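The lines below spell out each chain.
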Amino acid sequence: MDMGNRDTIGRRILILGGTTEARELAGLLVDAGYDVITSLAGRTGTPRFPPGIVRIGGFGGREGLARYIRDNCIDMLVDATHPFAAQISINCVAAALDAEVPLLRLERPAWQKPDGTTWVEVGTAQDAADALPRGARVLLTVGRQELGPFLARKGCHYTARMIEVPAGLPDDWQVIAARGPFTLEDELRLMQDRGITHLVTKNSGGTQVAGKLAAAARLSIPIIVIRRPNLPKAEAVDSVIRAHKSVTRIFRTG
Ligand code: NAP
């Protein structure tokens, strides 16, 4: 373990987290000797804590985040939030400009269409719900914040999997409270047991929950994929290792 050197000691990095990659990066940077604060939104009751310091809750928009950066003498911002957490990523770009600190975005690559599948790309959860044929038996893996359009799309049967289940879902929904990773075998069993005819997912990317795509492909189940939101431009990398290297480079040259 590298316990720090003149490039890292006293350098304070704020990671906007809530993802596996954010946790892994925090571990690498703490080991390298940086002061690391990870910020979590506080959406889940049982978050997984990364190494280093953790703070929880919103900042109060762009201004609040810029103020936090200044008040806490942050030297660099890393946006390692989920690709669908668009508002916080927009705020990161603006606040980094306001507070005059470098920003790096860690963005895992999007999933690509598996060979031989029916892959329907849509822009929103509403479009995904509209794309479902009447009578579809749907494996819904879009997270609890996006359920509205599917609650309104009657005539389908839903198996909905999410980390934390909100109260008040209809009795005829089958709800699975679970957090990945899920293996290909887990996903094949689930889809076969529930007689799934359609998979609905966000294009979250990453390996942890990608087994559902391979399982759907193998069972010839059409995949309805919600595209990622567009984000303002920022320096970006697509892996934890590259993020670590970029942080090192930015402090060496900065
Ligand atoms: P969002 O719509 O982009 O953010 C809404 C507001 O939540 C932000 O304006 C900010 O409030 C606060 N916020 C979001 N992430 C934060 C963080 N890491 N630390 C402090 N405040 C944060 O985000 P979301 O889609 O609700 O996602 C919330 C968190 O869950 C993200 O950190 C993300 O990494 C994680 N997550 C999201 C998804 C998803 O599909 N959206 C999936 C897995 C994990 P203020 O304006 O008050 O600062």
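Up top is the structure these notes are about.
Counting starts from 1 at the beginning of each chain's written sequence and moves along it residue by residue. For a predicted model such as this one, the threshold for reporting local features is a pLDDT of at least 70, and the threshold for listing and counting side-chain atom pairs is 80 or more; totals across whole chains, interfaces and linings nevertheless cover every residue. Derived side-chain values reflect all non-hydrogen atoms in the structure, with water molecules and hydrogen atoms excluded from consideration.

**Student:** Please set out empty space enclosed by the protein residue by residue, giving values where relevant.
**Tutor:** Space inside and on the surface of the protein is sampled on a 1 Å grid over the protein atoms alone, with a cavity defined as a set of points where a 1.4 Å probe fits but cannot get out and a pocket as an open set with protein on both sides within 12 Å along at least 5 of 7 lines; lining residues have an atom within 4 Å of a point. Grid points are joined across faces, edges and corners, and a volume is the space filled by probe spheres set on the points. What the rule picks out here adds up to two cavities of 30 Å³ or more. Within this model, the largest cavity holds a volume of roughly 40 Å³. Forming the boundary of the largest cavity are D79, T81, H82, P83, S89, R105, L106, E107 and L231. The residue inventory of the lining of the largest cavity, partitioned by class, reads three nonpolar, three polar and three charged. Taken as a whole, the second largest cavity spans an internal volume of roughly 30 Å³. T19, E21, A80, T81, P83, L106, E107 and R108 are the residues that line the second largest cavity. Residue polarity is assigned by list, with Asp, Glu, Lys and Arg as charged and Ala, Val, Leu, Ile, Met, Phe, Trp, Tyr, Cys and Pro as nonpolar; anything else, Gly included, falls into the polar class. Tallied by class, the residues present in the lining of the second largest cavity amount to three nonpolar, two polar and three charged.

**Student:** Describe in detail the packing of aromatic side chains, supporting the description with residues and values.
**Tutor:** Ring pairs shown here join Phe, Tyr and Trp side chains whose ring centres sit within 6.5 Å, with only the six-membered ring taken for Trp; geometry is labelled stacked below 30 degrees between planes, edge-to-face above 60, and tilted in between. As enumerated under the stated definition, the model contains four aromatic pairs in all. Ring plane angle 65° and centroid distance 5.2 Å describe the contact between F59 and Y68, whose orientation is recorded as edge-to-face. Seen in terms of ring centroids, F150 and Y158 are 6.2 Å apart; in terms of plane orientation they differ by 75°. Their pairing is edge-to-face. Three exposure classes are used, based on accessible area relative to the maximum for each residue type with a 1.4 Å probe and protein chains only: buried under 20%, partly exposed in between, and exposed over 50%. Classification of Y158 by relative accessible area gives buried; the value is 2%. Three or more aromatic residues joined by ring pairs form one cluster here, namely F150, Y158 and W173. Positioned over the ring face of F59 is R55, at 3.9 Å from the centre of the ring. In this structure, R161 packs its charged tip against the face of F182, placed 3.7 Å from the ring centre. By the criterion adopted, a ring carries a charge over it if an Arg CZ or a Lys NZ lies within 6 Å of its centre and within 35 degrees of its normal.

**Student:** Quick rundown of the environment of L213? Include the residues and the values.
**Tutor:** Relative to the assigned elements, L213 resides in helix α7 (residues 211–218). We classify L213 as buried; its relative accessible area is 5%. With 88 residues separating them along the chain, L213 and A125 place their C-alpha atoms 18 Å apart. Contact definition: two residues touch when any of their heavy atoms are within 4.5 Å. Sequence-distant contacts of L213, that is, excluding residues within four places in its chain, are made with W111, P114, W119, L199, T201 and I223. For the purposes of this entry, the term helix denotes a DSSP run of H or I that reaches at least four residues, the term strand denotes a run of E that reaches at least two, and both are numbered from the N terminus.

**Student:** Before we move on, can you summarise the sheet that holds strand β11 (residues 223–226) with the specific residues and values?
**Tutor:** Read across the open sheet, the six strands follow the order β6-β11-β10-β7-β8-β9; overall the sheet is parallel. Two strands in the sheet have a free side with no partner beyond their single neighbour: β6 (119–122) and β9 (174–177). Strand-to-strand, the axes of this sheet are offset by a mean angle of 20°, without reference to chain direction. Following DSSP output, two strands are said to pair if at least two bridges run between them. As paired elements, strand β8 (residues 157–162) and β9 share four bridges and run parallel to each other. The partner of R161 across the bridge, within β9, is I176. Throughout, an axis means a line fitted to C-alpha atoms (over the contacting stretch in the case of helices), and angles, computed between N-to-C directions, take values from 0 to 180 degrees. Its contacts with the sheet put α7 on β6, β7 (137–141), β8, β10 (198–202) and β11, and the angle it makes with β10 is roughly 155°.

**Student:** Could you give an account of the site of the ligand, naming the residues involved and the relevant values?
**Tutor:** Nearness is judged by heavy atoms alone; a residue qualifies as near a molecule or strand once a single heavy atom is within 4 Å of it. Taken together, 23 residues sit near the ligand, with S39, R43, F59, G60 and K202 positioned nearest. What qualifies as a polar contact is a pair of N or O atoms within 3.5 Å, subject to a donor-acceptor requirement within protein and to the restriction that residues adjacent in sequence count only when both atoms come from side chains. Between an oxygen atom of the ligand and a main-chain N or O atom of G61, the distance comes to 3.0 Å. One nitrogen or oxygen atom from the side chain of K202 is found 2.6 Å from an oxygen atom belonging to the ligand. Accessibility throughout is a Shrake-Rupley quantity obtained with a 1.4 Å probe, and a residue counts as covered only by protein chains that appear here. Protein contact buries 79% of the 810 Å² of open area that the ligand shows by itself. If one sorts the elements of the shell around the ligand by residue count, helix α3 (residues 86–99) sits on top with four residues. When the residues that make up the shell around the ligand are grouped by side-chain class, the tally is eight nonpolar, 12 polar and three charged.

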